[in-house]
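# Coordinate analysis (summary)
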Amino acid sequence: MRKVFVPVAVLTGLMFAGAPFMIARAPYESTMGLVQKIFYFHVPSWFAMFTAIGICGVASIIHLFKTSPRADRIAEAAAEIAVLFGLMGLVTGPLWGRKAWGVWWQWDAKLTIALLLEMAFISGILVRKYGGAGSDKLAAAVGIFGLAVVPFVYQAVNIWRTIHPLTSVVPTLPANMGGPFWYCVTSYMLLLVVLLMVRVNLGKRQTALDELYLASED
């Protein structure tokens with residue numbers, strides 16, 4: 001993993017260093033102007049969160065039915081990373097919404113479900129930390145629940161009436177906006193990979209340390 005980690009980490013750093021220049025070169029949106037450029041941070045953070053939830057959900061299913069320590073470590077790492085990217089989305093969203101909609105927050109379907117999803121994963125982390133024996137299985141159930149909820153967050157604007165833009169916005173971006181957008185999405189996805197590798201390795205070391213501690217007590 002070390003051989004892969006270093007080049008991926010370097011590439012991620014370079015792409016994030018270049019992201020402000022890509023975003024600066026993108027044209028202003030006709031109605032929102034400069035504030036619309038939050039879009040290049042806001043939407044990729046949700047892409048990364050959904051991907052992390054997908055990883056967490058699949059790993060949780062494996063652990064729940066096969067009791068795999070490795071899958072459990074991946075699920076734990078992905079859950080924490082999902083909370084991180086979700087927080088990015090929940091911070092950048094109101095900053096954009098205040099200028100675009102005139103309010104910091106609207107309790108419409110998409111925003112409310114996204115907030116509840118973030119809170120669910122925070123609760124899963126707390127359960128894992130303070131739940132005692134069997135908490136890993138309860139946390140796995142939360143991960144699977146999150147996996148089932150993600151499609152509703154994504155499709156909420158198409159199912160219910162909301163003030164949030166439709167999902168059709170991204171596929172219809174002009175090239176001079178689409179290029180910087182997908183560049184930022186790639187940067188966030190690489191950051192997800194780097195964080196996941198670091199956190200899984202940390203979990204592996206924590207497990208080895210716990211085993212040594214138990215062995216020393218015997």
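Overview of the structure. (Residues numbered from 1 in each chain as written. Predicted model: local features only at pLDDT ≥ 70, side-chain atom pairs only at ≥ 80, totals over all residues. Heavy atoms only, no water.)

### A closer look at helix H4 (residues 109-130)
- Relative to the 32 Å expected for 22 residues at 1.5 Å per residue, H4 spans 31 Å between its end C-alpha atoms, a close match to the ideal helical length.
- Looking only at H4, the buried set comprises Lys110, Leu111, Ile113, Ala114, Leu117, Glu118, Ala120, Phe121, Gly124 and Arg128.
- In this structure, the buried residues of H4 make contact with helix H2 (39-66), helix H3 (69-100) and helix H5 (135-159).
- Gly132 sits one or two residues past H4 and shows a positive phi near 80°. (Helix = DSSP H or I, 4+ residues; strand = E, 2+ residues; numbered from the N terminus. Expected span 1.5 Å × (residues − 1). Buried < 20%, exposed > 50% of the residue type's maximum accessible area, 1.4 Å probe, protein only. Contact = heavy atoms within 4.5 Å.)

### Comments concerning the nonpolar core
- Residues Met49, Ile53, Phe85, Leu117, Phe121 and Val153 are the most contacted members of the largest nonpolar core, which totals 30 residues.
- By residue number, the principal contributor to this core is H3, which donates 11 residues.
- When residues no more than four places from it in sequence are discounted, the contact partners of Met49 are Ala82, Phe85, Gly86, Leu117 and Glu118. (Core = buried A, V, L, I, M, F, W, Y, C linked by side-chain atoms within 4.5 Å.)

### Quick word on the pattern of salt bridges
- Per the counting criterion, the structure on display carries 3 salt bridges.
- Of the charged contacts in the structure, one is a salt bridge between Arg128 and Asp72, with a shortest N-O distance of 2.9 Å. Taken together, the positions of Arg128 in helix H4 and Asp72 in helix H3 put the pair 56 residues apart, joining distant regions of the chain.
- Given a relative accessible area of 18%, Arg128 falls into the buried group.
- In this structure, the salt-bridge partner of Glu76 is Arg199, at a minimum N-O distance of 3.4 Å. Taken together, the residues Glu76 in helix H3 and Arg199 in helix H6 (residues 175-217) connect sequence positions 123 residues apart.
- A single network of salt bridges, built from pairs that share partners, joins Glu76, Glu80 and Arg199. (Salt bridge = Lys/Arg side-chain N within 4 Å of Asp/Glu carboxyl O.)

### A short note on a nonpolar patch on the surface
- A grouping of Leu87, Val91, Leu95 and Trp104 is seen on the molecular surface, where their side chains present a nonpolar patch of about 410 Å² in accessible area.
- Tracing the backbone through its elements, the reader meets Leu87 in helix H3. (Patch = residues over 30% accessible without salt bridge, like charges linked within 9 Å, V, L, I, M, F, W, Y side chains within 5 Å. Areas by Shrake-Rupley, 256 points an atom, 1.4 Å probe, with all protein chains shown as cover.)

### Focus on the layout of surface pockets
- There is about 760 Å³ of room inside the largest pocket.
- Lining the largest pocket are 36 residues; nearest its centre among them are His42, Val43, Trp96, His164 and Pro165.
- Mapped onto the lining of the largest pocket, the elements with two or more residues apiece are H2, H3, H4 and H5.
- The element that contributes the greatest number of residues to the lining of the largest pocket is H3, accounting for 7 residues.
- Looking at the lining of the largest pocket residue by residue, the class counts come to 26 nonpolar, 8 polar and 2 charged.
- Contributing to the lining of the second largest pocket are 16 residues, with Glu76, Glu80, Gly124, Ile125 and Arg128 lying nearest its centre. (1 Å grid on protein atoms, 1.4 Å probe; cavity = no way out; pocket = protein on both sides within 12 Å on 5 of 7 lines; lining within 4 Å. Points joined across faces, edges and corners; volume = space filled by probe spheres on them. Nonpolar A, V, L, I, M, F, W, Y, C, P; charged D, E, K, R; others polar.)

### Focus on the packing of aromatic side chains
- All chains considered together, the criterion is met by 10 aromatic pairs.
- With 5.9 Å between their ring centres and 90° between their planes, Phe47 and Phe181 make a pair best called edge-to-face. Highlighted residues: Phe47 in helix H2 and Phe181 in helix H6, separated in sequence by 134 residues.
- A relative accessible area of 0% means that Phe181 is categorised as buried.
- Consider the rings of Phe181 and Trp182, whose centres lie 5.0 Å apart with planes at 75°: the pair is edge-to-face.
- Using a relative accessible area of 43% as the deciding quantity, one classes Trp182 as partly exposed.
- Joined through ring pairs, the aromatic side chains of Phe39, Tyr40, Phe47, Trp96, Phe181 and Trp182 make up one cluster. (Phe/Tyr/Trp six-rings, centres within 6.5 Å; stacked < 30°, edge-to-face > 60°.)

### What to know about a positive patch on the surface
- Together, Arg2, Arg70, Lys204 and Arg205 give the surface a local cluster of positive charge.
- Owing to a relative accessible area of 48%, Arg205 belongs among the partly exposed residues under this scheme. (Lys, Arg positive; Asp, Glu negative; His and termini not counted. Charge placed at Lys NZ, Arg CZ, Asp CG, Glu CD.)

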